[in-house]
Amino acid sequence: MKQVFSIPESLAPRLTHYCPGCTHGIIHRLIAEAVDELGVRERTIGIAPVGCSVLAYDYFQFDMQQAAHGRAPAVATGIKRVLPDAVVFTYQGDGDLASIGTAEIVHAAMRSEKITVVFVNNAIYGMTGGQMAPTTLVNQKTTTSPYGRRESHAGKPIRVSEMLATIPGAAYIARVALNSPANVGRAKRAIKKAFEVQLAGLGFAMVECLSTCPTNWGMAPHEAMKWLEANMIPYFPLGEFRTAEGVASNG
Ligand SMILES: Cc1ncc(C[n+]2csc(CCOP(=O)(O)OP(=O)(O)O)c2C)c(N)n1
Ligand code: SF4
């Protein structure tokens, strides 16, 4: 019989702690597939953030290191400089990367650290109960903006990919979404490319993944997918924002 589904070697066969419909699990799988296909499992080191994916190290069958909130790029920098042959990636939520870790990510890109960053943008702080994040959309309700984010008070949400794409040290910056099978396929290609950029020594690479948090958005999983498509993609457009010389375009 033809086998059409199997667990990637880099993914541990265990039950998930994520909520039903949460896209963190899909992204974990895409990373594991990319690492397997590139044949780099033995030299991959991931940096887990603070947030719902704090337990990311429980899911991967390669080395992982925990970093304090927002400091994953700094930890990744240290590891990559000491072990230049290692394939080093950070896995960070929007509270982690776009709020407390803004300085770290900007300066890692400025220094063109040869690391891969997987940035999970679910427009909210998931783990701590759904507070407003820098990526929360205008009028989006959260526990700290129960009437919706007010632009006059909190400003507009930060577009991290567009910001980092202006930085000369950024070799590859892309934004993808996990809301449909076609977009999951595109996300896979972007994540694999972000690792290939590192393997080619081209510099800093980041893939922003538009994701869902059904629990804190107060939606069923399928409603959350629709909300992502209707509300997040118009404000956070998908695509490749920077592809340095030597990086092929996804088309
Ligand atoms: C220095 C510091 N400040 C605040 C916290 C509390 N904290 C833990 S997780 C989290 C939010 C994480 O949100 P995000 O990065 O968006 O990840 P998600 O849970 O949505 O995946 C916060 C504020 C902390 N652990 N350390
Ligand atoms: S709280 Fe949100 S981000 Fe965290 S596991 Fe649940 S759905 Fe995912």
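Everything here concerns the structure above.
Residues numbered from 1 in each chain as written. Chains lettered and ligands numbered in written order. Predicted model: local features only at pLDDT ≥ 70, side-chain atom pairs only at ≥ 80, totals over all residues. Heavy atoms only, no water.

## Observations regarding the environment of isoleucine 158
Moving on, step 1. Turning to its location among the elements, isoleucine 158 is positioned in the loop between helix H5 (151-154) and helix H6 (160-165).
Moving on, step 2. Of the residues examined, isoleucine 158 reaches a relative accessible area of 24% and is grouped as partly exposed.
Moving on, step 3. Sequence separation between isoleucine 158 and aspartate 36 is 122 residues; the distance between their C-alpha atoms is 33 Å.
Moving on, step 4. Apart from the residues lying within four places of it in its own chain, the contact partners of isoleucine 158 are Ala98, Pro134, Thr135, Met163 and Phe236. (Helix = DSSP H or I, 4+ residues; strand = E, 2+ residues; numbered from the N terminus. Buried < 20%, exposed > 50% of the residue type's maximum accessible area, 1.4 Å probe, protein only. Contact = heavy atoms within 4.5 Å.)

## Some points on the site of ligand 2
Moving on, step 1. Around ligand 2 sit Tyr18, Cys19, Cys22, His24, Cys52, Asn122, Gly126, Cys213, Pro214, Thr215 and Asn216, and those are all the residues in its vicinity.
Moving on, step 2. Ranked by residue count, the leading element in the shell around ligand 2 is helix H8 (residues 214-217), at 3 residues.
Moving on, step 3. Counted by class, the shell around ligand 2 contains 6 nonpolar, 5 polar and no charged residues. (Near = heavy atom within 4 Å. Nonpolar A, V, L, I, M, F, W, Y, C, P; charged D, E, K, R; others polar.)

## Considering the site of ligand 1
Moving on, step 1. Near ligand 1, the surroundings consist of 16 residues, among which Cys52, Gly95, Asp96, Gly126 and Met127 are the closest.
Moving on, step 2. Here an oxygen atom of ligand 1 sits 2.9 Å away from a polar atom, N or O, in the side chain of histidine 24.
Moving on, step 3. Within the backbone of glycine 95, one N or O atom sits 2.8 Å away from an oxygen atom of ligand 1.
Moving on, step 4. Take the shell around ligand 1: its biggest share by element is 4 residues, from helix H3 (residues 94-100).
Moving on, step 5. Partitioned by chemical class, the residues of the shell around ligand 1 number 6 nonpolar, 8 polar and 2 charged. (Polar contact = N/O pair within 3.5 Å; in protein donor to acceptor, adjacent residues only side chain to side chain.)

## Describing helix H9 (residues 221-235)
Moving on, step 1. Under the 1.5 Å per step criterion, the end-to-end length of H9 is 21 Å for 15 residues, consistent within 8% with the ideal 21 Å.
Moving on, step 2. The largest bend in H9 comes to about 35 degrees, at leucine 228.
Moving on, step 3. For H9, the full list of buried residues reads Ala224, Trp227, Leu228, Met232, Ile233 and Tyr235. (Expected span 1.5 Å × (residues − 1). Bend = angle between axes of the 7 residues up to and from the residue.)

## Overview of the pattern of salt bridges
Moving on, step 1. Inspection of the entire model under this criterion finds 14 salt bridges.
Moving on, step 2. Measuring nitrogen to oxygen at the nearest pair gives 2.6 Å for the salt bridge that ties arginine 175 to glutamate 162. Taken together, the residues arginine 175 in strand E5 (residues 170-177) and glutamate 162 in helix H6 connect sequence positions 13 residues apart.
Moving on, step 3. Residue class for arginine 175 comes out buried when judged on its relative accessible area of 1%.
Moving on, step 4. A residue is classified by how much of its surface remains accessible, and glutamate 162, at 23% relative accessible area, is partly exposed.
Moving on, step 5. What you see here is one network of salt bridges that share partners, running through Arg29, Glu33, Glu37, Lys188 and Lys192. (Salt bridge = Lys/Arg side-chain N within 4 Å of Asp/Glu carboxyl O.)

## Remarks on the nonpolar core
Moving on, step 1. Judged by nonpolar contacts, the single largest core of 33 residues is most densely connected at Ile27, Ile31, Phe60 and Ile191.
Moving on, step 2. Elements that contribute at least two residues to this core include exactly helix H1 (24-38), strand E3 (87-93), strand E4 (116-121), E5, helix H7 (181-199) and strand E6 (204-210).
Moving on, step 3. Looking at this core, the element that brings in the most residues is H7, giving 7 residues.
Moving on, step 4. Every residue in contact with phenylalanine 60, bar those within four places of it in the chain, is listed here: Ser10, Leu11, His28, Ile31, Ala32 and Phe89.
Moving on, step 5. Counting residues in hydrophobic clusters, the runner-up holds 24 residues, among them Ile45, Leu97, Ala108 and Ala170. (Core = buried A, V, L, I, M, F, W, Y, C linked by side-chain atoms within 4.5 Å.)

## Structural notes on the packing of aromatic side chains
Moving on, step 1. Summed over the entire model, instances satisfying the criterion amount to 7 aromatic pairs.
Moving on, step 2. Where phenylalanine 89 meets phenylalanine 195, the ring centres are 5.7 Å apart and the plane angle is 80 degrees; that geometry is what we call edge-to-face. Of the two residues, phenylalanine 89 is situated in strand E3 and phenylalanine 195 in helix H7; the sequence distance between them amounts to 106 residues. Accessibility classification places phenylalanine 89 together with phenylalanine 195 in one group, the buried group.
Moving on, step 3. Taking the centre distance of 4.6 Å and the plane angle of 55 degrees together, the rings of tryptophan 217 and tryptophan 227 count as tilted. (Phe/Tyr/Trp six-rings, centres within 6.5 Å; stacked < 30°, edge-to-face > 60°.)

## As for a nonpolar patch on the surface
Moving on, step 1. A grouping of Val4, Phe5 and Ile7 is seen on the molecular surface, where their side chains present a nonpolar patch of about 360 Å² in accessible area.
Moving on, step 2. For isoleucine 7, the position within the fold is in the segment before H1.
Moving on, step 3. Given a relative accessible area of 47%, isoleucine 7 falls into the partly exposed group. (Patch = residues over 30% accessible without salt bridge, like charges linked within 9 Å, V, L, I, M, F, W, Y side chains within 5 Å. Areas by Shrake-Rupley, 256 points an atom, 1.4 Å probe, with all protein chains shown as cover.)

## Examining the side chain of aspartate 94
Moving on, step 1. Mapped onto the fold, aspartate 94 is located in helix H3.
Moving on, step 2. Look at aspartate 94: it is buried, it has no salt bridge, and the nearest opposite charge is arginine 149 at 9.3 Å.
Moving on, step 3. A distance of 2.9 Å separates the side chain of aspartate 94 from the backbone nitrogen of alanine 123, its partner in a polar contact.
Moving on, step 4. Side-chain polar atoms of aspartate 94 contact the side chain of threonine 135, separated by 3.5 Å. (Lys, Arg positive; Asp, Glu negative; His and termini not counted.)

Bear in mind that shape data such as this cannot, by itself, settle questions of function.
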